[in-house]
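# Observations on the model geometry
Here's the letter readout for the chains.
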There are 2 protein chains.
Amino acid sequence: MKLKTIEDFFLHGHQFNLPGVSVDNVIFGFHENQLKVLLLQSLDKNIWMLPGGFVGKKEHIDEAASRILKDRTGLDIIFLKQFYTFGSPLRSNNKILVKALESLNQKYDKDHWIMQRFITVGYYSLVEYANVNPQPDEFSSVCEWYDLDPLPELLLDHKEIIYKALDEMRLNLNYQPIGYNLLPKEFTMKNLQSIYETILGRKLDRGNFNRKILSYDILDKKEKHYSGGAHKAPYLYSFNKKKYFKALENGLGRDF
Amino acid sequence: MKLKTIEDFFLHGHQFNLPGVSVDNVIFGFHENQLKVLLLQSLDKNIWMLPGGFVGKKEHIDEAASRILKDRTGLDIIFLKQFYTFGSPLRSNNKILVKALESLNQKYDKDHWIMQRFITVGYYSLVEYANVNPQPDEFSSVCEWYDLDPLPELLLDHKEIIYKALDEMRLNLNYQPIGYNLLPKEFTMKNLQSIYETILGRKLDRGNFNRKILSYDILDKKEKHYSGGAHKAPYLYSFNKKKYFKALENGLGRDF
């Protein structure tokens, strides 16, 4: 059951959701050598937060992550990767929810379900943000792509969650291919290198990059069409879909 | 507060623990080219399980994992790595706890805290099992190192949790050094290779292995002492402690 209003949510949320467990989604957006993160702004415009929420009593946490993302932003992302669970006892005092309770003149005390300690399971994804048009839901005023540096003031430990997701995504560059959903069908090696550089936040040596990527054997090299000046144009590549998804499954670049 | 008896636990556990959240530890043991996992056997000797338990209301989940491991097995392992959170709605019906409730003639219904759905946060570690002497606690009859293949019948989704931890440990071989707590101070390259082969469950090419490990620059080569036949003896190595722990922190073998 989807609770339709904030009042519904505060009064009945505990009947439908697992106690003490939430889910938070870190959606990174890549576009023209920029990396951003999708944030929601609270209704009173005082603070930003990740698109997160609670887990239904009979819902898988993975499904909760997808549903919450879709409900809160309109985004329908199939691939969300669980990366870490945040379980400090200090991550409570959810200012947004407390303020919302107060603004609704809802009576509550320390036993109210929303005042309890929650652990949160973090998921991340990386999308081309020109392809998506996120929308805020009734719990937030704005939903938009935000620069990673500097981040605005964020709810709870959401800044820590974003940095941990970024670390994890950087690590994943070493054993999973990336770029399929971020590049046009044909692209230059430089386009692909830009994605890696943007995620890593640093420049890479062109020769080393080319050598490593080619060693993964996931690209098809396109024929050059020679015309005026074209001999200076860079080679175009496309992902070999079969090899790319095989590498996505089996991993690449592993020593062992 | 530590609950002293099983009765205490069933009657008062919900007052001290987070609802709906548990922790499970996958402790891998390495010894003479064998890889085992630490399991507890239920009091009625019907089923095996991972050393797991619940999270105190004001306790960090990481601390809960260490405390539970120590309480249930006597092991005091500092490095437990969180690797995944298991959140299927199907992971309930904890046979052990239900049986224990019944055997104690405890009254319970579907609202009893122990009958609720739990998500569990998985942690793993790898130790030299000759160095440790695990002990069962009052909730289990036996605590021992068990072969990974075949595993016995296990509680809930504990088999899935073990396999996922093994996958994660294998992946970690590619970006973290391993062996410091598993080998004597001086060892041969073959000794180190055996650890990798045991974890991976497959043989590695000796030349490639040597080349990769040496490229990590974490070993000191020892002087050979030439004596009768010693020219045939393999080189001995030791970990360069400073470089090893630096690599543990910064990662190794990364393409990016």
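Scroll up for the structure.
This text gives an overview of the structure that appears in the document. Source: prediction; values computed, not measured. (Residues numbered from 1 in each chain as written. Chains lettered and ligands numbered in written order. Predicted model: local features only at pLDDT ≥ 70, side-chain atom pairs only at ≥ 80, totals over all residues. Heavy atoms only, no water.)

### Here we look at the sheet that holds strand E9 (residues 219-221) of chain A
Residues and elements named next belong to chain A. Within the open sheet, the 3 strands sit side by side as E8-E10-E9. Their pairing is antiparallel. At either margin of the open sheet sits one strand with a lone partner, and together these are strand E8 (187-188) and E9. Pairing of E8 with strand E10 (residues 236-239), which is carried by 2 bridges, proceeds in the antiparallel orientation. In the strand pairing of E10, Phe187 is matched with Tyr237. (Pairing = 2+ DSSP bridges. Helix = DSSP H or I, 4+ residues; strand = E, 2+ residues; numbered from the N terminus.)

### Concerning the relation of the copies chain A and chain B
Rotating chain A by 180° and translating it 0.0 Å along the rotation axis places it on chain B, where the RMSD comes to 0.0 Å. Here the two chains are linked by the operation of a two-fold rotation axis. A symmetric contact is evident, with 100% of the interface residues of chain A recurring at the interface of chain B. (Least-squares fit on C-alpha atoms with pLDDT ≥ 70 in both. Contact = heavy atoms within 4.5 Å.)

### So, the side chain of Ser125 of chain B
Residue and element names in this part refer to chain B. Mapped onto the fold, Ser125 is located in strand E6 (residues 119-128). A polar side-chain atom of Ser125 sits 2.8 Å from the main-chain carbonyl oxygen of Phe79. What Ser125 contacts, discounting residues up to four positions off in sequence, is Val26, Ile27, Phe28, Ile77, Phe79 and Leu80. (Polar contact = N/O pair within 3.5 Å; in protein donor to acceptor, adjacent residues only side chain to side chain.)

### Looking at the pairing of strand E2 (residues 34-42) of chain A
Residues and elements named next belong to chain A. For E2, the tally of buried residues reaches 8 of 9 residues, placing the bulk of the element in the interior. Here 4 bridges tie strand E1 (residues 17-31) to E2, and the two strands are oriented antiparallel to one another. Pairing of His31 across the sheet is with Gln34, part of E2. In textbook terms, the turn of a hairpin is the stretch between consecutive antiparallel strands, and for E1 and E2 this stretch comprises 2 residues, one of which, Glu32, has a positive phi near 45°. Where E2 meets strand E7 (residues 140-147), 7 bridges bridge the pair, whose relative direction is antiparallel. In the sheet register, Leu39 faces E7, and the bridge partner there is Glu144. Of the pairings in the sheet, the one linking E2 to strand E3 (residues 48-49) comprises 2 bridges and is antiparallel in character. The residue of E3 that forms the bridge with Leu40 is Met49. Between E2 and the antiparallel strand that follows it, E3, lie 5 residues; Lys45 among them carries a positive phi value of about 60°. (Buried < 20%, exposed > 50% of the residue type's maximum accessible area, 1.4 Å probe, protein only.)

### Side note on the interface of chain A and chain B
The partner chain B presents 38 residues to the 38 residues of chain A that form the contact. For chain A, the biggest contributors to the area lost against chain B are Arg117, Asp255 and Phe256 of chain A; these three give 26% of the whole. Linking chain A to chain B there are 0 salt bridges. Viewed at the interface, chain B and chain A are joined by 19 residue pairs in polar contact (both at pLDDT 80 or more). Of all the secondary-structure elements, those providing two or more residues to the side of chain A that touches chain B are E1, strand E4 (52-56), helix H2 (61-73), strand E5 (81-86), strand E6 (119-128), helix H5 (189-200) and helix H6 (206-215) of chain A. (Buried area = accessible area lost by both parts, 1.4 Å probe. Salt bridge = Lys/Arg side-chain N within 4 Å of Asp/Glu carboxyl O.)

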